[in-house]
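# Structural overview
Letter by letter, the chains look like this.
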Amino acid sequence: MNVWIAIALTAVGCYAVKLAGLLVPAGALERPLVRRLAELLPVALLAALTAQQTFATGQEVVLDARAAGLVAAGLALVLRAPFLVVVGAAVAVTAGVRALGG
């Protein structure tokens, strides 16, 4: 039964956060600082999630084939490659390094 209590509390919490967002005055959302934060926050969150998924296994920090794939994707981005090419480069390099035993 504890699982259902956690699910219900999570649902209520999500609803409360959404309601709080709707109650924020429009003037507050038009401030330059708020706009800048709204632009940068998703990028920071995505970068943190990428780093955690790339360099961590459980409680350990590791450097393996995933890091090579991330470097390949970063290089493709610097070269302004299309998104599918970026993903393909990351996949190919990661698979190649794993095939070589890394």
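Let us look at the structure shown here. (Residues numbered from 1 in each chain as written. Predicted model: local features only at pLDDT ≥ 70, side-chain atom pairs only at ≥ 80, totals over all residues. Heavy atoms only, no water.)

## Examining the overall build of the chain
In terms of helices and strands, the chain carries 5 helices and 2 strands. A compact globule built from 102 residues should have a C-alpha radius of gyration of about 13 Å, whereas the chain, at 20 Å, is more than 25% larger. By its C-alpha atoms, the chain is 55 × 45 × 25 Å across when sized along the principal axes. Across the 102 residues that make up the chain, the buried fraction comes to 10%. By sequence separation, contacts in the chain at least 24 residues apart represent 29% of the contacts at least 6 residues apart. Here the chain has roughly 8300 Å² of accessible surface; of this, 74% comes from carbon and sulfur atoms. Averaged over its 7 positive side-chain charges, the chain has a centre that lies 7 Å from the centre of its 4 negative ones. (Helix = DSSP H or I, 4+ residues; strand = E, 2+ residues; numbered from the N terminus. Rg over C-alpha atoms; globule rule 2.2 N^0.38 Å. Buried < 20%, exposed > 50% of the residue type's maximum accessible area, 1.4 Å probe, protein only. Contact = heavy atoms within 4.5 Å. Areas by Shrake-Rupley, 256 points an atom, 1.4 Å probe, with all protein chains shown as cover. Lys, Arg positive; Asp, Glu negative; His and termini not counted. Charge placed at Lys NZ, Arg CZ, Asp CG, Glu CD.)

## With respect to the pattern of salt bridges
Summed over the entire model, instances satisfying the criterion amount to 2 salt bridges. Of the charged contacts, one joins Asp64 and Arg66 as a salt bridge, the two residues approaching to 3.2 Å between their closest N and O atoms. Arg66 sits in the partly exposed class, given a relative accessible area of 22%. (Salt bridge = Lys/Arg side-chain N within 4 Å of Asp/Glu carboxyl O.)

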